[in-house]
Amino acid sequence: MDIITTPSYEALSKEAASYVSRKVQENPHIVLGLATGSTPTGMYEQLIKDHITLGTSYRNVTTFNLDEYVGMSKKNPNSYYAFMKKHLFQHIDIQNEFTFIPDGMSGDPQKECGLYEEKLSKHGPIDLQILGLGANGHIGFNEPGTSSSSRTHVVELTDSTRKANSRFFKGIEDVPTHAITMGIDSIMDAKEILLLVAGANKREAFEKLLYGEISDNFPASILKKHPCVKILADQSVLDTSSIIA
Ligand code: F6R
């Protein structure tokens with residue numbers, strides 16, 4: 001794993017965006033794997049700026065999002081569909097039919113997982129997968145204990161993940177209990193992975209990732225087996241003085 005630290009979240013976002021936009025320019029038909037959450041929003045902002053000022057085009061780019069809440073309509077502002085539209089897609093020239101996100105409203109979520117895998121096989125492999133890191137080590141919504149051979153599947157979210165994500169909702173009771181997520185093996189199929197880690201609340205998880213053993217109990221640890229992983233971490237992940245005891 002190639003680890004790069006940046007002095008701030010802004011610097012991390014700029015570094016990540018310039019890496020992604022370079023990849024898009026090199027390969028206009030690139031397939032990107034995308035994440036939601038707080039960590040990549042700065043990178044998306046920078047990608048939009050880059051699209052507007054330098055004209056990097058996404059017309060031929062295909063994207064696959066990692067996950068979506070079960071039972072969440074696209075119109076719900078907390079859906080990952082709405083998130084992607086707001087933070088990236090509506091600001092760039094990507095074609096809607098090339099942006100894939102699991103359908104949280106499918107009447108048969110298990111079937112939807114199979115369909116998503118079919119789309120990944122048809123349009124993939126993912127050239128560059130962006131990931132954030134859960135404080136409990138999850139990647140996508142693959143919670144601790146998920147098998148490293150998992151493909152796209154329905155998960156029951158842990159209380160800690162629902163609590164962490166409740167900041168976007170009125171309260172924890174509004175956070176869905178289940179999600180569809182690409183599996184660990186589906187993520188590991190990506191040719192290259194860019195993991196973004198920011199904020200003091202990720203310090204423990206980051207340490208575990210670097211120094212802990214590879215275990216299903218800490219899903220991100222499997223990334224150590226991937227041949228091409230780049231990690232961008234901001235100073236707050238490393239700086240002990242930023243941790244409030
Ligand atoms: C989001 C996702 C999650 C997040 C993780 C970190 O699509 O799959 O694994 O990347 O929960 O979230 P933030 O960035 O909000 O701390």
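That block above? That's the structure.
Residues numbered from 1 in each chain as written. Predicted model: local features only at pLDDT ≥ 70, side-chain atom pairs only at ≥ 80, totals over all residues. Heavy atoms only, no water.

Visitor: Could you clarify how one ought to interpret the site of the ligand in this entry?
Guide: Around the ligand sit 13 residues, and of these Thr 39, Asp 67, His 138, Gly 140 and Lys 202 come closest. The side chain of Asp 67 places a nitrogen or oxygen atom 2.6 Å from an oxygen atom of the ligand. Contact distances for the ligand include 2.6 Å between an oxygen atom and a side-chain N or O atom of His 138. When the ligand is considered free in solution it has 410 Å² of accessible area, and contact with the protein chains removes 93% of it. (Near = heavy atom within 4 Å. Polar contact = N/O pair within 3.5 Å; in protein donor to acceptor, adjacent residues only side chain to side chain. Areas by Shrake-Rupley, 256 points an atom, 1.4 Å probe, with all protein chains shown as cover.)

Visitor: How do you make sense of the nonpolar core when you look at a structure like this?
Guide: Burial of nonpolar side chains together is a common tendency in soluble globular proteins. Core analysis: the biggest nonpolar cluster contains 37 residues, and Val 20, Met 43, Leu 88 and Leu 194 have the highest contact counts within it. Only α1 (9-26), β2 (31-34), α2 (41-54), α3 (80-87), β6 (128-132) and β9 (192-197) provide two or more residues apiece to this core. Counting residues per element, this core draws most heavily on α1, which supplies six residues. Those residues within four positions of Met 43 in sequence are excluded, and the remaining contacts are Ser 13, Ala 16, Ala 17, Val 20, Ile 130 and Leu 196. With 30 residues, the next largest nonpolar core counts Tyr 116, Ile 193, Ala 205 and Val 237 among its residues. (Core = buried A, V, L, I, M, F, W, Y, C linked by side-chain atoms within 4.5 Å. Buried < 20%, exposed > 50% of the residue type's maximum accessible area, 1.4 Å probe, protein only. Helix = DSSP H or I, 4+ residues; strand = E, 2+ residues; numbered from the N terminus. Contact = heavy atoms within 4.5 Å.)

Visitor: Help me out: how do you make sense of the side chain of Ser 186 in this one?
Guide: When you line up the elements, Ser 186 lands in helix α6 (residues 184-188). From its side chain, Ser 186 meets the backbone nitrogen of Gly 183 in a polar contact 3.1 Å long.

Visitor: When you look at the sheet that holds strand β10 (residues 229-234) in this model, what are you seeing that I'm missing?
Guide: Whether parallel or antiparallel, the strands of a sheet pair through hydrogen bonds between backbone atoms. Read from one edge of the open sheet, seven strands run β1-β10-β9-β6-β2-β3-β5, paired in parallel fashion. The sheet terminates laterally at β1 (2-6) and β5 (99-100), the two strands that pair on one side only. Sheet strands touched by helix α4 (residues 109-123): β2, β3 (62-65) and β5. Its angle to β3, the strand with the most contacts, is close to 150 degrees. Running at roughly 145 degrees to β10, helix α7 (residues 203-211) makes contact with β1, β9 and β10 of the sheet. (Pairing = 2+ DSSP bridges. Axes fitted to C-alpha atoms, helices over the stretch in contact; angles between N-to-C directions.)

Visitor: Explain the sheet that holds strand β7 (residues 153-156) to me, please; I cannot follow it from the model alone.
Guide: Read across the sheet, three strands follow the order β4-β8-β7 without closing on themselves; strand pairing throughout is antiparallel. Edge positions in the sheet fall to β4 (67-69) and β7, since each of these pairs with one other strand and no more. Strand-to-strand twist in this sheet, taken as the mean axis angle between neighbours without regard to direction, amounts to 25 degrees. Pairing geometry for β7 and strand β8 (residues 178-181), over four bridges, is antiparallel. Looking at the pairing, Glu 156 lines up with His 178 of β8. The sheet strands contacting α4 are β7 and β8, and the helix crosses β7 at an angle near 130 degrees.

Visitor: Could you clarify how one ought to interpret the packing of aromatic side chains in this entry?
Guide: Note on aromatic pairs: each is described by the distance of the centres and the angle between the planes. Under the criterion given, the structure shown has six aromatic pairs. Judged by centre distance (5.8 Å) and plane angle (40 degrees), the ring pair of Tyr 69 and Phe 141 falls under tilted. Within this pair, whereas Tyr 69 is found in strand β4, its partner Phe 141 is found in the loop between β6 and β7, the two being separated by 72 residues in sequence. Aromatic rings pair up to connect Tyr 69, Tyr 80, Phe 141 and Phe 169 into one cluster. (Phe/Tyr/Trp six-rings, centres within 6.5 Å; stacked < 30°, edge-to-face > 60°.)

Visitor: Teacher, can you tell me more about unusual backbone geometry here?
Guide: The bulk of non-glycine residues show a negative phi, and the bulk of peptide bonds are trans. Omega for the peptide link from Gly 124 to Pro 125 comes to 0 degrees, which places this bond in the cis form. Position of Pro 125 among the secondary structure elements: in the loop between α4 and β6.

Visitor: Could you clarify how one ought to interpret the packing of α1 against α2 in this entry?
Guide: How two helices pack is summed up by the angle between their axes together with the distance between the axes. At a closest axis distance of 8 Å, the pairing of α1 and α2 adopts a crossing angle of 50 degrees. What the angle tells us is that α1 and α2 run oblique. Pair α1 / α2 crosses with right-handed handedness. On the side of α1, the interface is formed by Tyr 9, Ser 13, Lys 14, Ala 16, Ala 17, Val 20, Ser 21 and Gln 25, while α2 contributes Thr 41, Gly 42, Met 43, Gln 46, Leu 47 and Asp 50. In terms of residue class, the contact of α1 with α2 is built from six nonpolar, six polar and two charged. (Parallel < 35°, antiparallel > 145°, perpendicular 65-115°, else oblique. Left-handed = near helix turned anticlockwise from the far one by under 90°. Nonpolar A, V, L, I, M, F, W, Y, C, P; charged D, E, K, R; others polar.)

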